[in-house]
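# Breakdown of the fold
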Amino acid sequence: MSSSDIFIGETIGTAVLILLGGGVCAAVTLKASKARNAGWLAIAFGWGFAVLTAVYISAPLSGAHLNPAVTLALAIKDGGWDNVPIYWGGQLLGAMIGATLVWVAYYGQFHAHLTDPEVVGEPGEKVVKTKAVEAEEKGAGPVLGIFSTGPEIRKAWQNLATEIIGTFVLILAILTQGLNGNGDGLGTLGALITALVVVSIGLSLGGPTGYAINPARDLGPRIVHALLPLPNKGGSDWSYAWIPVVGPLIGGAIAAGIYNVAFA
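To keep things clear, this report deals only with the structure shown in the data block. Because the structure is predicted, anything quoted here is derived from the model rather than measured. Along every chain, residues carry numbers that run from 1 in the direction the sequence is written. Two thresholds apply to this predicted model, a pLDDT of at least 70 for residue-level local features and 80 or more for giving and counting side-chain atom pairs, whereas whole-chain, interface and lining totals are computed over all residues. Only heavy atoms go into the side-chain values, all of them from the structure, while hydrogens and water stay out.

### Points about the overall build of the protein
We count it as follows: Strands are runs of DSSP state E lasting at least two residues, helices are runs of H or I lasting at least four, and both sets are numbered from the N terminus onward. Residue burial is assigned from relative accessible area. The probe radius is 1.4 Å, only protein chains are included, and a residue is buried under 20% of its type maximum, exposed over 50%, and partly exposed in between. We call two residues in contact whenever any of their non-hydrogen atoms come within 4.5 Å of each other.
Of regular secondary structure, the protein possesses twelve helices and zero strands. Each helix and strand of the protein, placed in order from N terminus to C terminus, yields the pattern α-α-α-α-α-α-α-α-α-α-α-α. In the protein, which comprises 264 residues, the proportion classed as buried is 50%. Put simply, of all contacts in the protein between residues at least 6 apart along the chain, 78% involve residues at least 24 apart.

As structure tokens, then:
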């Protein structure tokens, strides 16, 4: 694979991943969306199908890493570090493009949701105003969850551990099955299995933090959230942003180390 193929494949694939994954979050969250309140099951399966679609699209070009933690784990496993910056650059750019496309697709819903008094709060509506104040104190705006993850209970060590554990499961599953014969990406069966693993992680381990398990998936859309001209969007919660970046990288590195010891 050439450097240009890797960069283009990762950019396109990660953009599709975030478009469909962030799209299901928007569909479930935003007012005037037909899927509003569809629930966590819809989000978990939506992200799983997003992984499946993105892998099928990008695998011929880049091997469909779509996740800096996957790229890091494969580099540790195989000792090939030359293309790591190219993979990471394409993944971050793709994540930002995908998040922007979610905003475009749900443009009217974003504005309706953020300007509705029930969401942003009005004088005399104490309960609603309290929710808005709580969100502001946490540094998270009322639609940040469409773009990036956030914890239900803020305990840095637990939030970090949750991301490490979830990513460890994902990466070990990728390393132990579904790799092409030359070891450069997911094959057809591996793509399906990995998508189902993502659904499983979402259902079983996604509750505490929203299961980023992918640094680009969280960081790229968080940057887009900070830049978008949305009314009343609130903060981007940068004080939490390191956890869904560092945690998945640690989890991926641990999985690669265990793979080299136990499976190689």
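### A closer look at the packing of helix α11 (residues 215-227) against helix α12 (residues 243-262)
For clarity, the cut-off: Think of each axis as a best-fit line through the C-alpha atoms, taken over the contacting stretch in the case of a helix, with angles from 0 to 180 degrees between the N-to-C directions. Note on terminology: angles under 35 degrees are roughly parallel, angles over 145 are roughly antiparallel, angles of 65 to 115 are roughly perpendicular, and the others are oblique. Crossing handedness is read from the near helix: turned anticlockwise from the far helix by less than a right angle, it gives a left-handed crossing, and turned clockwise, a right-handed one. Each residue is assigned to one of three groups, with Ala, Val, Leu, Ile, Met, Phe, Trp, Tyr, Cys and Pro labelled nonpolar, Asp, Glu, Lys and Arg labelled charged, and all others, Gly among them, labelled polar.
Close contact between α11 and α12 brings their axes to 8 Å; oriented N to C, the two are set at 165 degrees. Put simply, α11 runs roughly antiparallel to α12. α11 and α12 meet at a crossing whose hand is left-handed. Within the contact between the two elements, α11 uses P215, D218, L219 and R222 and α12 uses P244, V245, P248 and L249. For the contact of α11 with α12, the class distribution of residues is six nonpolar, no polar and two charged.

### Overview of unusual backbone geometry
With a phi angle near 60 degrees, L66 is a residue other than glycine that sits in the positive phi range. Within the secondary structure layout, L66 lies in the loop between α2 (40-62) and α3 (68-78). A positive phi angle, near 45 degrees, is found at I213, a position not held by glycine.

### Digging into the packing of aromatic side chains
Cut-off, in case you're wondering: Here a Phe, Tyr or Trp ring, Trp counted by its six-membered ring, pairs with any other such ring whose centre lies within 6.5 Å, and the pair is stacked when the planes are under 30 degrees apart, edge-to-face when over 60, and tilted otherwise.
In this structure the tally under the stated criterion is five aromatic pairs. Centre to centre, the rings of W40 and Y211 are 5.7 Å apart; their planes meet at 65 degrees, and the pair counts as edge-to-face. With W40 in helix α2 and Y211 in the loop between α10 (188-205) and α11, this residue pair connects regions lying 171 residues apart in the sequence. On the basis of relative accessible area, W40 is assigned to the partly exposed category, the value being 36%. On the numbers, 5.7 Å between centres and 25 degrees between planes, the contact of F110 with F147 is stacked. Pair noted here: F110 is in helix α5 (residues 107-115) and F147 is in helix α8 (residues 144-147), with a separation of 37 residues, a long-range link. For F147, a relative accessible area of 2% corresponds to the buried category.

### Considering the side chain of R222
Mapped onto the elements of the fold, R222 is located in helix α11. The class of R222 is buried, set by a relative accessible area of 0%.

### A word on the pattern of salt bridges
To be explicit about the condition: Every case where a carboxyl oxygen of Asp or Glu lies within 4 Å of a side-chain nitrogen of Lys or Arg is listed as a salt bridge.
Enumeration over the complete set of coordinates arrives at four salt bridges. With its nearest N and O atoms 3.1 Å apart, the salt bridge here joins K31 to D116. Of this pair, K31 sits in the loop between α1 (3-29) and α2 while D116 is found in the loop between α5 and α6 (117-120), placing the two residues 85 residues apart along the sequence. Accessibility assignment for this pair places K31 and D116 in one class, buried. Here D237 and R154 are joined by a salt bridge, their closest N and O atoms 2.3 Å apart. Taken as a pair, D237 in the loop between α11 and α12 and R154 in the loop between α8 and α9 (156-176) lie far apart in primary sequence, 83 residues in all. Residue classification places R154 among the partly exposed residues on the basis of a relative accessible area of 40%.

### Considering the side chain of T14
Just so we agree on the cut-off: In protein, a polar contact requires one atom able to donate a hydrogen and another able to accept it; more generally it is a pair of N or O atoms within 3.5 Å, and residues adjacent in sequence count only if both atoms are side-chain atoms.
Following the sequence through the fold, T14 ends up in helix α1. A relative accessible area of 1% places T14 in the buried class. Looking at T14, its side chain comes within polar contact range of the main-chain oxygen of E10, at 2.7 Å. Residues in contact with T14, not counting those within four places in the same chain, are L66, Q91, G94 and A95.

### Considering the packing of α9 against α12
Contact geometry of α9 with α12 gives a least axis separation of 7 Å together with a crossing angle of 45 degrees. Taken together, α9 and α12 sit at an angle that is classed as oblique. α12 is crossed by α9, and the crossing has right-handed handedness. Within the contact of α9 with α12, the residues separate by chemical class into 17 nonpolar, six polar and one charged.

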